[in-house]
Amino acid sequence: CVFLLKFNYVTFWLGFLVAVAIWFVTNRKIGELFKHAGLFTAGFALTFLPYVVYALRTESLGAFFREYLFYNAAYAASVTPAVDPSLPLVKEFFGVGGFFFFIGCTLLPAITVITGSVFVLRNADQRFKLGYILSFSLLFLATYLARVFSFTSIPMTVFCLPGLIAITRYAERALPKLRLRGTVFMALASLAVFLYTVGDNNLVVFLALERTDGIPDFREEIAETVGEGETVLELMSLDSGIYTACGVIPETPHFYKPNIDHAVYPDALEAQYEVIANRETDYAVITLVDGKLLGAYSETEKRYKEKMLQTLTENYDFIDEYSATGFQAHRQYHLYRAKRTVAGQ
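Criteria and thresholds
Residues numbered from 1 in each chain as written. Predicted model: local features only at pLDDT ≥ 70, side-chain atom pairs only at ≥ 80, totals over all residues. Heavy atoms only, no water. Helix = DSSP H or I, 4+ residues; strand = E, 2+ residues; numbered from the N terminus. Buried < 20%, exposed > 50% of the residue type's maximum accessible area, 1.4 Å probe, protein only. 1 Å grid on protein atoms, 1.4 Å probe; cavity = no way out; pocket = protein on both sides within 12 Å on 5 of 7 lines; lining within 4 Å. Points joined across faces, edges and corners; volume = space filled by probe spheres on them. Nonpolar A, V, L, I, M, F, W, Y, C, P; charged D, E, K, R; others polar. Phe/Tyr/Trp six-rings, centres within 6.5 Å; stacked < 30°, edge-to-face > 60°. Lys NZ or Arg CZ within 6 Å of the ring centre and 35° of its normal. Axes fitted to C-alpha atoms, helices over the stretch in contact; angles between N-to-C directions. Parallel < 35°, antiparallel > 145°, perpendicular 65-115°, else oblique. Left-handed = near helix turned anticlockwise from the far one by under 90°. Contact = heavy atoms within 4.5 Å. Arc of directions from axis to C-beta. Pairing = 2+ DSSP bridges. Patch = residues over 30% accessible without salt bridge, like charges linked within 9 Å, V, L, I, M, F, W, Y side chains within 5 Å. Areas by Shrake-Rupley, 256 points an atom, 1.4 Å probe, with all protein chains shown as cover. Salt bridge = Lys/Arg side-chain N within 4 Å of Asp/Glu carboxyl O. Lys, Arg positive; Asp, Glu negative; His and termini not counted. Charge placed at Lys NZ, Arg CZ, Asp CG, Glu CD.

Colleague: Where do I start with the overall build of the protein chain in this structure?
Modeller: When its secondary structure is counted, the protein chain shows 13 helices and five strands. The proportion of buried residues among the 345 residues of the protein chain is 34%.

This is the structure we're talking about:
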């Protein structure tokens with residue numbers, strides 16, 4: 001199941017598996033090793049083979065490996081572009097949420113993981129210590145040697161669990177007369193969940209900055225224009241929630257442009273270009289920041305986006321401009337409608 005969700009996080013289990021295998025070998029229990037390896041393989045097959053059967057029947061197995069493995073490898077290897085410090089969001093984020101982000105997503109988790117690691121290394125048996133060290137090291141490398149965002153550290157929270165247990169034990173020893181085990185553990189666990197969900201994704205900061213000032217939501221305005229049964233495609237940007245507002249299921253798998261250089265992963269923009277070149281969608285939306293097209297990762301991507309914009313204006317008519325609100329107030333959304341041929345009128 002982990003492999004189907006995030007293949008690089010298999011490294012967490014690999015560390016403990018290696019430790020168990022070493023224990024079997026050093027204790028000359030080779031037969032037991034193969035027995036347990038067979039059971040483990042059978043469990044993997046039990047969860048993985050049904051999906052393979054489904055993928056073969058739907059002829060999607062090739063797409064799965066291409067998009068899941070190649071796309072994620074390209075995403076992890078790509079670099080994050082420099083952030084324009086003039087953006088209001090960046091200014092407000094570092095002014096309002098920077099301290100909260102550091103405390104919630106760096107300092108407290110680090111203290112918890114360190115406390116738990118010390119607790120494990122002092123109290124666990126040799127097998128668990130070896131597995132813990134290998135698992136921690138491999139998962140750390142898989143997490144932080146790839147493309148790093150705040151939320152990429154979430155898998156490391158599994159190592160907060162020993163820390164929560166350790167802190168609970170220390171609290172019991174410090175205050176033996178109070179029955180704190182359940183209370184302390186639940187309080188710490190709740191704090192950890194909060195920090196690594198709401199805090200780690202900056203939702204508190206975003207909600208604090210979300211001021212609409214009475215301006216209608218741009219998604220709802222676009223949805224009022226897009227008629228029932230008509231299609232819309234958001235070009236050259238991440239999904240802004242327009243599809244949900246319009247009640248539209250995108251007809252192309254490349255319904256958004258991921259944060260990967262076009263030179264590394266050209267599939268998304270090339271697929272979107274074909275859609276607008278052939279007028280296969282009724283409406284198209286582009287995102288601008290302070291009146292300018294979204295930035296590009298490279299000159300290659302910049303030129304391709306300019307080519308797409310030219311093709312868009314040749315095949316689609318500009319309908320209207322809509323402004324975002326709150327922390328996205330610096331963004332504008334331009335709506336285009338496909339030009340109708342004489343035969344289609």
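Colleague: For this particular structure, what's the right way to read empty space enclosed by the protein?
Modeller: To find the voids left in a structure, one rolls a probe of water-molecule size over its atoms. Within this structure, the stated rule accounts for one cavity of 30 Å³ or more. For the largest cavity, the full set of lining residues is L235, M236, I286, T287, L293, L294 and K305. Its residues placed into classes, the lining of the largest cavity shows five nonpolar, one polar and one charged.

Colleague: Any chance you could explain the packing of aromatic side chains here in plain terms?
Modeller: Aromatic ring pairs are defined here through the distance separating the ring centres and the angle between the ring planes. Scanning the model with the defined rule gives 18 aromatic pairs in all. Judged by centre distance (4.0 Å) and plane angle (5°), the rings of F218 and Y333 are stacked. Here F218 is found in helix α10 (residues 218-225), whereas its partner Y333 is found in strand β5 (residues 331-338), with 115 residues between them in sequence. Each member of the pair F218 and Y333 is classed as buried. Measuring from ring centre to ring centre gives 5.6 Å for F318 and Y336, while their planes differ by 70°; the resulting arrangement is edge-to-face. Taken as a pair, F318 in strand β4 (residues 316-323) and Y336 in strand β5 lie far apart in primary sequence, 18 residues in all. Owing to a relative accessible area of 43%, F318 belongs among the partly exposed residues under this scheme. An aromatic cluster is defined as three or more aromatic residues linked by ring pairs; in this entry it consists of F12, W13, F16, F128, Y132, F136, F140 and F159. Of note, R127 hangs over the ring of W23, and the distance from its end group to the ring centre comes to 4.5 Å.

Colleague: What am I meant to see in the packing of helix α12 (residues 267-277) against helix α13 (residues 299-315) here?
Modeller: Relative orientation and spacing of two packed helices are given, respectively, by the angle between their axes and the distance between those axes. Axis separation between α12 and α13 bottoms out at 9 Å; the angle between their running directions is 15°. By the angle class used here, α12 and α13 are roughly parallel. Seen along the crossing, α12 lies across α13 with a hand that is left-handed. Two secondary-structure elements touch here, α12 through L269, E270, Q272, Y273, I276 and A277 and α13 through E301, Y304, K305, K307, M308, T311, L312 and N315. Of the residues that constitute the contact of α12 with α13, the class distribution is seven nonpolar, three polar and four charged.

Colleague: I would appreciate a short explanation of α12 in the present structure.
Modeller: For an α-helix the count is 3.6 residues per turn, leaving residues at separations of three or four pointing the same way. Where α12 is concerned, the buried positions are A268, L269, Q272, Y273, V275 and I276. An end-on view of α12 places all buried positions within 160° of arc, on one side of the element. Elements that come into contact with the buried residues of α12 comprise β1 (232-235), α13 and β4. Of the residues flanking the end of α12, it is R279, one or two places downstream, whose phi is positive at about 50°.

Colleague: Would you mind going over the pairing of β1 with me for this structure?
Modeller: Burial of β1 is two-sided: the residues V232 and E234 facing one way and the residues L233 and L235 facing the other way are all buried. Pairing of β1 with strand β2 (residues 283-289), which is carried by four bridges, proceeds in the parallel orientation. Residue pairing in the sheet places E234 in a bridge with V285 of β2.

Colleague: Quick question: what am I supposed to make of a negative patch on the surface here?
Modeller: A surface patch of negative charge is lined by E251, E270, E274 and E280. Position of E251 relative to the elements: it lies in the loop between α11 (242-246) and α12. You can call E251 exposed: its relative accessible area is 65%.

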